[in-house]
Protein chains: 2
Amino acid sequence: MTTLDIMPENTANTVTPETMQAIVQTEEKVTASLELQEVPVPTLKSGEVLVEVKAAGVNRADLLQTQGNYPVPPGASEILGLECAGVIVDAGDTDRSIGEEVACLLTGGGYAQFVAVPQGQLMPIPNGYSFVEAASIVEVACTVWSNIGMLAGLKEGDLFLIHGGAGGIGTFAIQMGKALGATVAVTAGSAEKLETCKELGADILINYKEEDFAETLKNQADVILDIIGAKYLAQNVKAMAKDGHMVTIGMQGGVKGELNLGHLLAKRGTISATALRGRDVEDKARIVRSTVDNIWPLLNNKKISHHIDHTLPLAQAAEALQKLQEGTVTGKLVLTT
Amino acid sequence: MTTLDIMPENTANTVTPETMQAIVQTEEKVTASLELQEVPVPTLKSGEVLVEVKAAGVNRADLLQTQGNYPVPPGASEILGLECAGVIVDAGDTDRSIGEEVACLLTGGGYAQFVAVPQGQLMPIPNGYSFVEAASIVEVACTVWSNIGMLAGLKEGDLFLIHGGAGGIGTFAIQMGKALGATVAVTAGSAEKLETCKELGADILINYKEEDFAETLKNQADVILDIIGAKYLAQNVKAMAKDGHMVTIGMQGGVKGELNLGHLLAKRGTISATALRGRDVEDKARIVRSTVDNIWPLLNNKKISHHIDHTLPLAQAAEALQKLQEGTVTGKLVLTT
């Protein structure tokens, strides 16, 4: 299916085909309509390298995108996939090397055999990691570190509240919080999920179905990582300590909530809401650099582990997203080429 | 009235009286009940100096306090007054010098002949400033710099939106914004007030009675200094640029507003609400140090000027607050001893 026998004139030192297999959505808003198709290999812009994808991480944002609920940023690939690991096959005009194994933060395009990656979004493969493991860690590491480390400035001794502690973001955030010396509190919806959080190091376990986290943690949370949004807004402000900082990165509980600025002011509190994908190339490079500096040592030293639920061939992308939607996945799904 | 003839045993090298004149509120929630009374001179805690007050700035928070709407932080003086200038008359256990002229950030106690001040809250008198001028600049400088410089990180090229541009906070913030290289937009309620803002350097003038600032500045404001609160919450988020930061320091337009976290996330926006008074001694010292480092050079070089409406004797504190409430004051009111 690939065309490895064709060598374009402008890539004298590499053998890059002109077409590749990639996941294409054939029907708008229908996740099940994803299928493998032959499409052109991306053309490199200045500062980009071409990576042959070995493994691509599956994210909830991919699911939302197939449902028409996550618009592709202007200029980004229409192909799904926000993270991958693989091998550089064309270094373009950069000083990177062909054959270099890399993990990549993507703005799209990971569900394919090849993807064009700005060099600032390349990361080393953590020590002892397979391509599958490396592909599964990029988005979560950059997301959690950029929000909790870089933006909210979590530090030793802080109380760090994580909503959805047993999810992909949560399990990573618990370990990162502990590695940074924070006391970690988590919310989750079952004893089993809380047990998972406990095993990862969480200190305070709150079953949100049985307990009001805001009452338990009133005025105590220095940093809050929120994926719920509106539904928890007032409670998060109540749980906040003086100079607390809450960062919302998901809105599973709605977007519109009442904010009492008087309560926020009494805490000298800060509320941020962010997303990684829409950031520009310079901003992503800044985040990738800081994440590699601060989080890669924790991965290399196995201070943070990461659970792969299972892998599926790239051709079964629709099935992977279906599983994600069913909510039965307890770790990361990764597609392999 | 003072008792300068009495020299307590524990202050061998100074002549500090045991009592002093200070403004005392005799009837709860009645601003007009302020009167000069003889009260004990404050006792110094470790790290504090005793300052003989020459001039004390009048702030809106003082008015709110007399009305019962601004609780005194635990441990703070019940006497009004958040800023003053004067002379050190007892250095306590610090290495400051008796006779040193200082401006002071206070947690209370400025409406008096003497006030105890943590050494971290002492600032030099800016070059060429009188005591009256120095006493009028402390709160506004520390408030604006700590929020806009330290917290929101205003930088060259930013668009800086200031609500209430013609007020005490606003007029200072305009000049600071221009000195830092920002483009300054202001809202105010009359052509006359906007003219004042323009003379101070404001680039974009918006009469909020005639124009929707959020429409005019949609997606443009990098930093917003807000004194309105709930009433402007949605509009401020609309006016915010990518990575924008809004800081609320007043709530003249109410405390409860609807926050659309989806809109905030689309901007990767941040909302903070803060107050200076409740911060602890270490935090105030950190702010004072940074304010002196960053703002004092602008005062010394006359890059920022400050308008004194007029001065009144300390005994007329009630009258001063009455004028503030009437809303006819266009500059700062200062009490002199």
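Residues numbered from 1 in each chain as written. Chains lettered and ligands numbered in written order. Predicted model: local features only at pLDDT ≥ 70, side-chain atom pairs only at ≥ 80, totals over all residues. Heavy atoms only, no water.

- An unreviewed UniProt entry lists chain A under the name NADPH:quinone reductase or related Zn-dependent oxidoreductase, from Corynebacterium deserti GIMN1.010.

1. Regarding the overall build of chain A
Item 1. Scanning chain A for helices and strands turns up 10 helices and 16 strands.
Item 2. For chain A, the C-alpha radius of gyration of 20 Å lies close to 20 Å, the compact-globule estimate for 337 residues.
Item 3. Over its C-alpha atoms, taken along the principal directions, chain A stretches across nearly 65 × 40 × 35 Å.
Item 4. In chain A, which comprises 337 residues, the share counted as buried stands at 56%.
Item 5. Residue pairs in contact within chain A that sit at least 24 positions apart in sequence constitute 63% of those at least 6 positions apart.
Item 6. Put simply, chain A shows about 14000 Å² of open surface, and 49% of that area lies on carbon and sulfur atoms.
Item 7. For chain A, the distance from the average site of its 26 positive side-chain charges to the average site of its 40 negative ones is 10 Å. (Helix = DSSP H or I, 4+ residues; strand = E, 2+ residues; numbered from the N terminus. Rg over C-alpha atoms; globule rule 2.2 N^0.38 Å. Buried < 20%, exposed > 50% of the residue type's maximum accessible area, 1.4 Å probe, protein only. Contact = heavy atoms within 4.5 Å. Areas by Shrake-Rupley, 256 points an atom, 1.4 Å probe, with all protein chains shown as cover. Lys, Arg positive; Asp, Glu negative; His and termini not counted. Charge placed at Lys NZ, Arg CZ, Asp CG, Glu CD.)

2. Here we look at the pattern of salt bridges
Item 1. Tallying each qualifying case throughout the model produces 18 salt bridges over all chains.
Item 2. The salt bridge involving A:D283 is made with A:R279; its shortest N-O contact spans 2.9 Å.
Item 3. Of the charged contacts, one joins B:R286 and B:D283 as a salt bridge, the two residues approaching to 2.7 Å between their closest N and O atoms. One end of the pair, B:R286, and the other, B:D283, are both in helix α8 (residues 281-294), three residues apart, so they sit about a helical turn from each other.
Item 4. Under the relative-accessibility criterion, B:D283 is labelled buried at 10%. (Salt bridge = Lys/Arg side-chain N within 4 Å of Asp/Glu carboxyl O.)

3. A closer look at the state of the cysteines
All names here are of chain A.
Item 1. In the structure shown here, the tally under the stated rule is zero disulfides over all chains.
Item 2. Free cysteine: C104, not disulfide-bonded; nearest cysteine sulfur from C84 at 3.9 Å.
Item 3. Of the residues examined, C104 reaches a relative accessible area of 0% and is grouped as buried.
Item 4. No disulfide involves C142; its sulfur sits 11 Å from that of C104, the nearest cysteine. (Disulfide = S-S within 2.5 Å.)

4. Concerning the side chain of B:S290
Residues and elements named next belong to chain B.
Item 1. Position of S290 among the secondary structure elements: in helix α8.
Item 2. On the accessibility criterion, S290 (15% relative accessible area) is buried.
Item 3. Excluding anything up to four places from it in sequence, S290 contacts W145, M150 and I295.

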